Amino acid sequence: SAAEKGGYASFMLKEIAEQPKAIADTLLGRIDGSGTLSLDEVRIPAEVLREVDKVVVVACGTAFHAGLIAKYAIEHWTRVPCEVELASEFRYRDPILDQRSLVVAISQSGETMDTLMALRHAREQGARVLAICNTNGSTIPRESDAVLYTHAGPEVAVASTKAFLTQLVACYLVALYLGQVRGTKYGDEIRDVVRDLSRISGAVEQVLETMTPVRELARSLAHKNTVLFLGRHVGHPVALEGALKLKELAYMHAEGFAAGELKHGPIALIEEDLPVVVVVPSPRGRSVLHDKIVSNIQEIRARGARTIVIAEEGDEAVAPYADHLVRVPATPTLLQPLVATVPLQVFACELATARGNEVDQPRNLAKSVTVE
Ligand code: G6P
């Protein structure tokens, strides 16, 4: 009903707007005043976490994209190798697991059959399983060794928004906590990022306040057949997620690519007036990646693409090549997906609405897939 949607036209719009609160709630009580993480709920003893020699993330759909981003964070802050795998592929290829493997199963609903079968397989091999889940007492956390709940609140729209951002927060918490417990050379950086994370919901709020031009742009592209998304580093999974949202909601052909792969194939798709969304990494930090993506934008624009550029505030180098520039607040490199995903959610939701689609209940999709 209209009342349940809290005045929004759809649950999806309501859930997009709830993201700052969902993030704050997911951080609540997990960071103390001195910037130390306390995740007592992760009942896997510190001695065991210190012995972990491999992390494997399994998930489906949007949760899988959270997992792809988790890999960057986990390997960087913990120096432990991390693999990410679609839950539906995992157990069928006889994965190498033992007591020193930590499997992280990410699921909003906690009922996705593919993810459940993957975690059962992992436990049979002796691995420890940590669930990241949004639904209290659901099957996946009940069958795991430990659970870190996301506190996004109930998510009604089929396409995941607030649950995804809180999955990212939970992944960062796991990566930072593992780093903290194991003690790496990144101790100072971990403390700084924990502080930045505690302020990130304000940055997401800021993005939400500047979405009017993104909505107008989305409406103007409603007649298009194809939209491409490019990103690199953690911007690559963001591009995949932007494309998935557009497929799910607008029923458009949308594809996400690693920007570095452009010349190995995708550039052949570029034609006059094709909309291409590019997620630009911060010019601070890994500035080499930033400069490379700026030349990618020049390359596709020279071939006629209409460039829609998501870039950090103050990044002036990209501005001349952006037909449409969407600014997001500066964040540490690894945290950028929390702000960069939001315009892509708004874009897909608005574009789908302009095409007359029902955004909360896209055709052929289910919120939770409980069959294999
Ligand atoms: C379904 C939904 C997706 C979701 C995926 C994983 O396919 O339509 O939006 O990302 O399941 O769901 P889970 O509940 O495991 O996160």
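Definitions and limits used
- Residues numbered from 1 in each chain as written.
- Predicted model: local features only at pLDDT ≥ 70, side-chain atom pairs only at ≥ 80, totals over all residues.
- UniProt positions renumbered as here; feature names shortened; annotations may be inferred.
- Helix = DSSP H or I, 4+ residues; strand = E, 2+ residues; numbered from the N terminus.
- Rg over C-alpha atoms; globule rule 2.2 N^0.38 Å.
- Buried ≥ 20, exposed ≤ 12 C-beta atoms within 10 Å, placed from the backbone.
- Contact = placed C-beta atoms within 7 Å.
- Pairing = 2+ DSSP bridges.
- Axes fitted to C-alpha atoms, helices over the stretch in contact; angles between N-to-C directions.
- Parallel < 35°, antiparallel > 145°, perpendicular 65-115°, else oblique.
- Nonpolar A, V, L, I, M, F, W, Y, C, P; charged D, E, K, R; others polar.
- Arc of directions from axis to C-beta.

- The protein is annotated in an unreviewed UniProt entry as Glutamine--fructose-6-phosphate aminotransferase [isomerizing] of Streptomyces marokkonensis.
- In UniProt, the protein has this text filed under Function (unreviewed entry): "Catalyzes the first step in hexosamine metabolism, converting fructose-6P into glucosamine-6P using glutamine as a nitrogen source."
- Recorded in UniProt for the protein, the comment headed Subcellular location (unreviewed entry) runs: "Cytoplasm".

Points about the overall build of the protein
- Within the protein, the secondary structure is distributed over 14 helices and 10 strands.
- What you see for the protein is a C-alpha radius of gyration of 20 Å, in line with the 21 Å of a compact globule of 372 residues.
- Dimensions of the protein along its principal axes, counting C-alpha atoms only, are 55 × 45 × 45 Å.
- A total of 372 residues make up the protein; the buried ones form 52% of that total.
- Taking contacts inside the protein between residues at least 6 apart in sequence as the whole, the part at least 24 apart equals 75%.

Structural notes on the sheet that holds strand β9 (residues 306–312)
- Reading across the sheet, the 5 strands line up as β7-β6-β8-β9-β10 and stay open at both edges, with parallel pairing between neighbours. The open sheet has two edge strands, β7 (253–258) and β10 (324–328), and neither has a second partner. The mean angle between the axes of side-by-side strands here comes to 20°, regardless of whether they run parallel or antiparallel.
- With 4 bridges joining them, strand β6 (residues 226–231) and strand β8 (residues 275–279) adopt parallel strand pairing. Its bridge partner lying in β8, Phe229 is registered against Val277.

Looking at the packing of helix α2 (residues 19–27) against helix α10 (residues 200–208)
- Axis separation between α2 and α10 bottoms out at 8 Å; the angle between their running directions is 175°. One element, α2, and the other, α10, form an angle in the roughly antiparallel class. Only Ile200, Ser201, Val204 and Glu205 of α10 make contact with α2, whose side of the interface consists of Gln19, Pro20, Ile23 and Ala24.
- Tallied by class, residues from the contact of α2 with α10 come to 5 nonpolar, 2 polar and 1 charged.

Some remarks on the sheet that holds strand β3 (residues 101–107)
- Reading across from one edge, β2-β1-β3-β4-β5 is the order of the 5 strands in this open sheet, with parallel pairing throughout. Edge positions in the sheet fall to β2 (82–86) and β5 (146–149), since each of these pairs with one other strand and no more. Going from strand to strand, the sheet's axes swing by 20° on average, the running direction of each strand aside.
- As defined by bridge partners, β3 adjoins strand β4 (residues 128–133) across 6 bridges and the pair is classed as parallel. Bridge assignment links Leu102 to a residue of β4, and that residue is Arg128.
- Taken strand by strand, helix α6 (residues 113–124) contacts β1 (54–59), β3 and β4, and its axis lies near 165° from that of β3.

Brief notes about the pairing of β7
- Two strands pair when backbone bridges link them, and β6 and β7 are joined in this way by 6 bridges, in the parallel orientation. Of the residues in β7, the one forming a bridge with Gly231 is Ala258.

A look at helix α11 (residues 212–220)
- What α11 keeps buried is the set Val214, Leu217 and Ala218. The buried side chains of α11 occupy one side of the element, clustering within an arc of 100° when seen end-on. Relative to its buried face, α11 has exposed residues pointing more than 90 degrees away, namely Thr212 and Glu216.
- Where α11 is buried, its residues meet β9, β10 and α14 (337–354).

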